[in-house]
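Chain by chain, the residues run as shown.
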Amino acid sequence: MRIVAQYNPNSGGSYHRVKLWSEFMENVTLVEEITEDLLDDCNILYIHWNLNKLSIPQLSIWREKYRFKIVVDIDDTWDLETKYQLSVIKSQHLCLLADHVICSTEYLRTEIL
């Protein structure tokens, strides 16, 4: 099984929610940007919070083509400052596409449902 995990080296959340666990697993590829060439033998695509430049329709096309599962990790509520509204909307749509959505607490689970 091969996991491709989107990782932002400038984010503390990404460090704790992606990098730490990936160091204890085999066959995990950390990437800053998701590209099609990374997905042809991918079983699970793990996305923490949001896509960077990739569009959700393009991700949907690739998932259909390569048959990988999408796991989205959300570690915040949707109630953020106005400057993050576009990011929140994109994350909400990403959760609709995902096969699984995970979060860190019961409170967040009820907030993001």
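Located above this text is the structure these notes cover.
Remember, it's a predicted structure, so these values are computed and weren't measured experimentally.

Chemist: So what about unusual backbone geometry? Which residues, and what values?
Modeler: For Asn27, which is not glycine, the phi dihedral falls at a positive 60°. Along the chain, Asn27 turns up in the loop between helix 1 (12-22) and strand 2 (28-31). The exposure class assigned to Asn27 is partly exposed, which follows from its relative accessible area of 49%. Look at Arg67: it is not a glycine, yet its phi comes out positive at around 60°. Turning to its location among the elements, Arg67 is positioned in the loop between helix 2 (56-66) and strand 4 (69-74).

Chemist: Can you break down the pairing of strand 4 residue by residue, with the values?
Modeler: Side chains on a regular strand alternate between the two faces of the sheet. Burial runs high along strand 4: five of the six residues are buried. Between the parallel elements strand 3 (residues 44-48) and strand 4, the chain passes through helix 2 in a crossover that is right-handed. Pairing of strand 4 with strand 5 (residues 100-103) involves four bridges; the strand directions are parallel. Among the inter-strand pairings, Asp73 is bridged to a residue of strand 5, identified as Ile102.

Chemist: Help me get a handle on the nonpolar core, residues and values and all.
Modeler: Within soluble globular proteins, side chains that are nonpolar tend to cluster in buried spots. Counting 24 residues, the largest nonpolar core has Ile34, Leu45, Leu59 and Phe68 as the members making the most contacts within it. Residue contributions to this core peak at four residues, all from helix 2. Beyond its immediate sequence surroundings of up to four residues, Leu45 is in contact with Val4, Ile34, Leu39, Leu59, Phe68, Lys69, Ile70 and Val71. Membership of the second largest hydrophobic core comes to six residues, among which are Ile3, Ala5, Tyr46 and Val71.

Chemist: Go over helix 2 with me, naming the residues and quoting the values.
Modeler: Here helix 2 has its buried residues at Ile56, Leu59, Trp62, Arg63 and Tyr66. When helix 2 is viewed along its axis, its buried side chains cluster within an angular range of 120° and face the same direction. Residues of helix 2 that are exposed and angled more than 90 degrees away from the buried face: Pro57, Ile61, Glu64 and Lys65. Of the residues flanking the end of helix 2, it is Arg67, one or two places downstream, whose phi is positive at about 60°.

Parameters and conventions
- Residues numbered from 1 in each chain as written.
- Predicted model: local features only at pLDDT ≥ 70, side-chain atom pairs only at ≥ 80, totals over all residues.
- Heavy atoms only, no water.
- Helix = DSSP H or I, 4+ residues; strand = E, 2+ residues; numbered from the N terminus.
- Buried < 20%, exposed > 50% of the residue type's maximum accessible area, 1.4 Å probe, protein only.
- Right-handed = clockwise from strand over helix to strand, strands pointing away.
- Pairing = 2+ DSSP bridges.
- Core = buried A, V, L, I, M, F, W, Y, C linked by side-chain atoms within 4.5 Å.
- Contact = heavy atoms within 4.5 Å.
- Arc of directions from axis to C-beta.

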